[in-house]
Amino acid sequence: MNPRNALIAGAGAALCLLLSAAGMVLNGPGFVAGLEREAQAARSGVEGGDGVELAFKDRYGWLTRHPILSGGDELPQVLRQQVAAGIAAVPGIGGISWSRTSTRADNPEAVHCQSDVERILQTRTIRFTQSSARLDPASGRLLDEVARALRPCVGSIIAVTGHTDEGGNAEVDKAFSLARAEAVRWALIGRGIPADGLRAAGVGASQPISGLNPSDPANRRIEFSVIVSAPVKPTPIDTPGPG
């Protein structure tokens, strides 16, 4: 590529980044506000659920699609689970976690799981062989790290959600994203995460990253959501012993 073309390409890339950032700033608050209203309605649909507070900002004050729940400590565990599941089911919610300050946290380590996994995946991506749901062998070490981060959440419901970019048939994309999520689920089972706590889902291109063009390949991703914190003591059936 000659210098003139390289300059044009660089300027175009910079403009795309600038427009994407501007879209995030302009549209992000309205998008999250809509999620918060729907999440509050889901919470209020459970008797006593109004005692649970929702925070749609992370520890650094940034808006997020992963709300943090707190309060509701007087509710029976089954109702807390219903509140959590109802909020997690709101379209656009990326996943939830309970605040580490909750007095009902049976396992304080569990609340770190989702943030630990998100930190691991901030700069790296679980990769698949081209146009398939077969995991790239090069992602093995990354999956090892994800499994270690999720281990304190054994006994919780952990959702593995596959996403695609926009451009193909919606039903095909949904099935493809589910196949990739299932591949990751089985990879985690093989690394000692109990199968009964893992849920795989595929949403195709219906939930693009906020502020990103739906057709951008960066929307192809796997997300992890800790839906309920209710750790149980693993049994020999849950956790493979030495082989």
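Residues numbered from 1 in each chain as written. Predicted model: local features only at pLDDT ≥ 70, side-chain atom pairs only at ≥ 80, totals over all residues. Heavy atoms only, no water.

When you look at the nonpolar core in this model, what are you seeing that I'm missing?
Note that soluble globular proteins tend to have their nonpolar side chains buried in a common cluster. Counting residues in hydrophobic clusters, the biggest one holds 26 residues, and the most contacted among them are I126, L150, V184, L188 and F224. Breaking this core down by element, the ones donating at least two residues are α3 (113–120), α4 (140–150), β4 (157–163), α5 (170–189) and β6 (221–228). (Core = buried A, V, L, I, M, F, W, Y, C linked by side-chain atoms within 4.5 Å. Buried < 20%, exposed > 50% of the residue type's maximum accessible area, 1.4 Å probe, protein only. Helix = DSSP H or I, 4+ residues; strand = E, 2+ residues; numbered from the N terminus.)

Help me understand the sheet that holds strand β2 (residues 63–71) in this model?
As a general point, the strands of a sheet are linked pairwise by backbone hydrogen bonds and lie either parallel or antiparallel. With mixed pairing, the 3 strands of this open sheet are ordered in space as β1-β2-β3. A strand with exactly one partner marks an edge of an open sheet, and here the two such strands are β1 (52–57) and β3 (97–98). Relative to β2, β1 is paired through 5 bridges, and the arrangement is antiparallel. Following the sheet pairing, L54 is matched in β2 by L69. Sitting on the sheet, helix α2 (residues 77–88) touches β1, β2 and β3, and the angle it makes with β2 is about 170 degrees. (Pairing = 2+ DSSP bridges. Contact = heavy atoms within 4.5 Å. Axes fitted to C-alpha atoms, helices over the stretch in contact; angles between N-to-C directions.)

Sorry if this is basic, but what is going on with the confidence of the model for the protein chain here?
Low pLDDT means the predicted atomic positions in that stretch should not be read closely. Put simply, the protein chain has an average pLDDT of 77, and 74% of its residues get 70 or more. When mean pLDDT is compared element by element in the protein chain, α5 scores highest at 95, while helix α1 (residues 3–44) scores lowest at 63. Here residues 103–110 is modelled with pLDDT under 50, and outside its nearest four sequence neighbours on either side it reaches 16 contacts, counting other chains as well. (pLDDT = per-residue confidence, 0-100.)

Would you mind showing me how to read the packing of α4 against α5 here?
Interaxial distance between α4 and α5 falls to 10 Å at its minimum, and their mutual angle equals 70 degrees. As judged from the angle between their axes, α4 and α5 are roughly perpendicular. Both α4 and α5 take part in a crossing whose hand is right-handed. On α5, the residues touching L143, V146, A147 and L150 of α4 are V184, A187 and L188. (Parallel < 35°, antiparallel > 145°, perpendicular 65-115°, else oblique. Left-handed = near helix turned anticlockwise from the far one by under 90°.)

Would you explain the pattern of salt bridges in this entry?
For side chains of opposite charge, pairing can occur when their charged atoms come near one another. All chains considered together, the criterion is met by 6 salt bridges. Two residues, R124 and E145, come together in a salt bridge whose shortest N-O distance is 2.8 Å. With a gap of 21 residues between them, R124 in the loop between α3 and α4 and E145 in helix α4 connect regions that are remote in the sequence. In this structure R124 comes out as partly exposed when scored by relative accessible area, which is 35%. The salt bridge involving R191 is made with D144; its shortest N-O contact spans 2.7 Å. Remark: D144 occurs in helix α4 and R191 occurs in the loop between α5 and β5 (198–202); sequence separation between them is 47 residues. A relative accessible area of 26% places R191 in the partly exposed class. For D144, a relative accessible area of 32% translates into the label partly exposed. (Salt bridge = Lys/Arg side-chain N within 4 Å of Asp/Glu carboxyl O.)

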